[in-house]
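Below, each chain spelled out in residue letters.
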Amino acid sequence: MVVSKMNKDAQMRAAINQKLIETGERERLKELLRAKLIECGWKDQLKAHCKEVIKEKGLEHVTVDDLVAEITPKGRAICRPVYAKNHDFSSSMSQGKERQNKKHPGT
């Protein structure tokens, strides 16, 4: 039963992702997200954190994998409040769905 549910979820995610790609909404949403993250300073905060990590450990002692492991939790933690503040991202997804329905009624 659990495997079946997971399989259905995976199929549903794949179908949604395919539809987003076909309609161009995936790229539009990625660009919107990128713009929102830059606008709220997320990118600059992570860049500064990377510089701190490199300065603390020394450039010769930091690998890309180390850096990713170090900044990922911080990036996610910063992102949560940003997402909560920017409800317009989810409304933008709804607007994309509305545009899609106007182009292809009944989908």
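Since the structure is predicted, the reported quantities are computational estimates derived from the model, not experimental observations.

**Quick look at helix α2 (residues 25–39)**
For α2, built from 15 residues, the straight-helix expectation of 21 Å at 1.5 Å per residue is met to within 8% by its first-to-last C-alpha distance of 21 Å. Listed in full, the buried residues belonging to α2 are E25, L29, K36 and L37. An end-on view of α2 places all buried positions within 105° of arc, on one side of the element. Taken from the residues just after α2, G41 is the one with a positive phi, measuring 90°.

**Focus on the pattern of salt bridges**
Counted under the stated rule, the structure contains 4 salt bridges. A salt bridge links K30 to E27, with the shortest nitrogen-to-oxygen separation between them at 3.3 Å. Of this pair, K30 and E27 both sit in helix α2, 3 residues apart, roughly one helical turn. Notably, a salt bridge pairs E70 with K57, separated by 3.5 Å at the nearest N-O pair. Remark: K57 occurs in helix α3 (residues 42–57) and E70 occurs in helix α4 (residues 64–85); sequence separation between them is 13 residues.

**A few points about the side chain of H49**
Counting through the fold element by element, H49 comes out in helix α3. H49 gets classed as buried once you look at its relative accessible area, which sits at 13%. Beyond its immediate chain neighbours, meaning those up to four positions away, H49 contacts E70, I71 and K74.

About the cut-offs
Residues numbered from 1 in each chain as written. Predicted model: local features only at pLDDT ≥ 70, side-chain atom pairs only at ≥ 80, totals over all residues. Heavy atoms only, no water. Helix = DSSP H or I, 4+ residues; strand = E, 2+ residues; numbered from the N terminus. Expected span 1.5 Å × (residues − 1). Buried < 20%, exposed > 50% of the residue type's maximum accessible area, 1.4 Å probe, protein only. Arc of directions from axis to C-beta. Salt bridge = Lys/Arg side-chain N within 4 Å of Asp/Glu carboxyl O. Contact = heavy atoms within 4.5 Å.

Taken by themselves, the reported measurements are silent on function.
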